[in-house]
Amino acid sequence: MTRVFLVAAVFSGALLAGCQTVETTKGGTVGVDREQRMMVSSEEVDASSKKQYSQMMAEAQKKGVLDRNAAQVQRVQAITRKLAAQVGAFRADAAKWPWEVHVVSLAEVNAWCMPGGKMAIYTGLIERLNATDDEIAAVMGHEISHALREHARERISRQMGTQMVVGIAGALFGIGELGQGLGNMVADVTLNLPNSRTHEVEADRMGVELAARAGYDPRAAISLWEKMAKTSNGDQPPKWLSTHPAHEDRISDLRAYSAKVMPLYQAAKGGGASAGK
Ligand SMILES: [Zn+2]
């Protein structure tokens, strides 16, 4: 018993030492303000992300699936550029991130943003959903929000916490090994593992605000989800749904928050001169 207690004390001591509470973003109009605990620095995560992203895009290039349709690429770049121009509403430093987007010719309905602003959208999402500009802005606004909130860093921190426990336990008992490389973890949490409900709600709310501020109809987030849901009736449910699991209240939450940011949208569209500022 004493031994178990000692082991527990070693764990919590180790975890506390490497852990910091941070505020990644300001609340914005939608008021996302949860405290986050991190065990790895932004710099480390962003450096790994940049490296992984370069490798993945080089691989896409080699397979001939990178940015094949110039008009489509320009369309996506224009939308993400407008969204990225609004990130200052949530965090000033992100305005200077090296934002980058590529269109990958894959049938999968998917899009993502790795830490530090490295994005991709697949042709499957654009074409199979017949996505409007507002809907593409909804998807990318949601993805960008995950990056602004550093959800990947938070999830990695959580994984590291678990692995550190395993690692220490392994060392103590003469077995086991400490986890996988950071780069793999970054890719894994961005592309493969499902986000938590908490992260989804935050990305939904911030996503509609970014879209509205950029002049895209925030209500498109609702039609986007409805289209996603219809597509999932087939044999191959959208990959995006597996990494961004739907929660029961999502549509009503999106309705409420898109209504809340409508004045920002109207001001951005120039129709609300009196409502602006
Ligand atoms: Zn998400």
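Just so we're clear, the structure is a prediction, and the values are computed from it rather than from any experiment. Every residue gets a number counted from 1 within its own chain, in the order that chain's sequence is written. Confidence filtering applies because this is a predicted model: local features only for residues at pLDDT of at least 70, side-chain atom pairs given and counted only at 80 or more, and all residues used for totals across whole chains, interfaces and linings. Heavy atoms from the whole structure form the basis of all side-chain values; hydrogens and water molecules are not counted.

> Tell me what's going on with the coordination of the zinc ion, and back it up with residues and numbers.
Counted as donors are the N, O and S atoms within 2.8 Å of the metal, or 3.2 Å for Na, K and Ca, while water is not among the atoms, so some sites may look incomplete. The coordination sphere of the zinc ion contains the protein donors His 142 (NE2), His 146 (NE2), Glu 200 (OE) and Glu 200 (OE), at a distance range of 2.0 to 2.8 Å. Written as a sequence motif, the donor arrangement for the zinc ion is H-x3-H-x53-E. Remark: Glu 200 occurs in helix H8 (residues 197-213) and His 142 occurs in helix H5 (residues 133-148); sequence separation between them is 58 residues. Neither His 142 nor Glu 200 differs from the other in exposure class; each is buried. The helix count covers DSSP runs of H or I at least four residues long, the strand count covers runs of E at least two residues long, and both are numbered beginning at the N terminus. For the exposure calls, accessible area comes from a 1.4 Å probe over protein chains only, and a residue counts as buried if that area is under 20% of its type's maximum, exposed if over 50%, partly exposed in between.

> Break down the sheet that holds strand S5 (residues 118-122) for me, with residues and values.
We call two strands paired when DSSP finds no fewer than two bridges between them. Strand order in the open sheet formed by 3 strands is S3-S5-S4, with mixed pairing between adjacent strands. Among the strands making up the open sheet, the edge pair consists of strand S3 (100-104) and strand S4 (111-114). This sheet shows a mean twist of 15 degrees between the axes of neighbouring strands, independent of strand direction. As defined by bridge partners, S4 adjoins S5 across 4 bridges and the pair is classed as antiparallel. Axis definition: a line fitted to C-alpha atoms, over the contacting stretch in the case of helices. Angles run 0 to 180 degrees between N-to-C directions.

> For the side chain of His 244, give the residues involved together with the corresponding values.
Mapping His 244 onto the fold places it in the loop between helix H10 (239-243) and helix H11 (250-260). Among the residues examined, His 244 registers a relative accessible area of 1% and is labelled buried. Whenever two N or O atoms come within 3.5 Å, that pair is a polar contact, provided that in protein one can donate a hydrogen and the other can accept it, and provided that, for residues adjacent in sequence, both atoms are side-chain atoms. For His 244, the side chain forms a polar contact with the side chain of Glu 143, separated by 2.7 Å. Filtering out sequence-adjacent residues up to four positions away, His 244 remains in contact with Ala 111, His 142, Glu 143, His 146, Asn 195, Glu 200, Trp 225 and Arg 250. Here a residue-residue contact requires only that any non-hydrogen atoms of the pair lie within 4.5 Å.

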